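Structural description and commentary
Letter by letter, the chains look like this.
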Amino acid sequence: RRYDIGRLRADWDREKTKQAERIHDITSASLESLTSRHDHFEERVKNNVEEVCQQLSSIQSNVEGLHSQQSETSSKLVTVDKGHGNRIDRLYERSDTFDKKFQQLELGLARAD
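Cut-offs used in this document
- Numbers given to residues run from 1 along each chain, matching the order in which its sequence is written.
- Local features are withheld for residues below a pLDDT of 70 in this predicted model, meaning they are given only at 70 or higher, and side-chain atom pairs are given and counted only at 80 or more; totals for whole chains, interfaces and linings count all residues.
- Note that the side-chain values use all heavy atoms of the structure and ignore hydrogens as well as water.
- Working definition: a ring pair exists when centres of Phe, Tyr or Trp rings (six-membered ring for Trp) sit within 6.5 Å. Plane angles under 30 degrees give stacked, over 60 give edge-to-face, the rest tilted.
- Helix numbering and strand numbering both begin at the N terminus, where a helix is a DSSP run of H or I of at least 4 residues and a strand a DSSP run of E of at least 2.
- Classification of residues uses two cut-offs on accessible area relative to the type maximum, computed with a 1.4 Å probe and protein chains only: under 20% is buried, over 50% is exposed, and between them is partly exposed.
- Comment: the charge-over-ring label is applied if NZ (Lys) or CZ (Arg) is within 6 Å of the ring centre and within 35 degrees of the ring normal.

1. Focus: the packing of aromatic side chains
Considering all chains together, one arrives at two aromatic pairs under this definition. Arranged with centres 4.7 Å apart and planes meeting at 45°, the rings of W12 and F98 form a pair that is tilted. Of this pair, W12 sits in helix 1 (residues 5-53) while F98 sits in helix 2 (residues 59-112), placing them 86 residues apart in sequence. Pairing W12 with F102 gives two aromatic rings, centres 6.2 Å apart and planes at 35°, and the pair type is tilted. Highlighted residues: W12 in helix 1 and F102 in helix 2, separated in sequence by 90 residues. Take W12 and F102: they sit in the same class, and that class is buried. One aromatic cluster in this structure is built from W12, F98 and F102. K101 extends its terminal NZ or CZ atom over the ring of F98, reaching a point 5.9 Å from the ring centre.

Shown next, in the form of structure tokens:
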């Protein structure tokens, strides 16, 4: 059988671009969502701190609770960022593998002609 390597390459490149854009969109949307949630959280913290300053007797317990939530949110942001980075790295590795296979196939077909 003969394959149209140019067409296969174009299909592969198109799919690779489509998937990269999809990954980028998903990653961006996830990070935007987390950033928005984090921003809302920070605003709540700011408002709470202002209220707490007026209630000196309960400052310590409120600060400890807010600190715990802030640490958890920051930790989640780091985890999500690492996860997306790992996914992107794996996809680039897979893409490189397919590129190498296409190059070998093209070279083999060129030698066969």
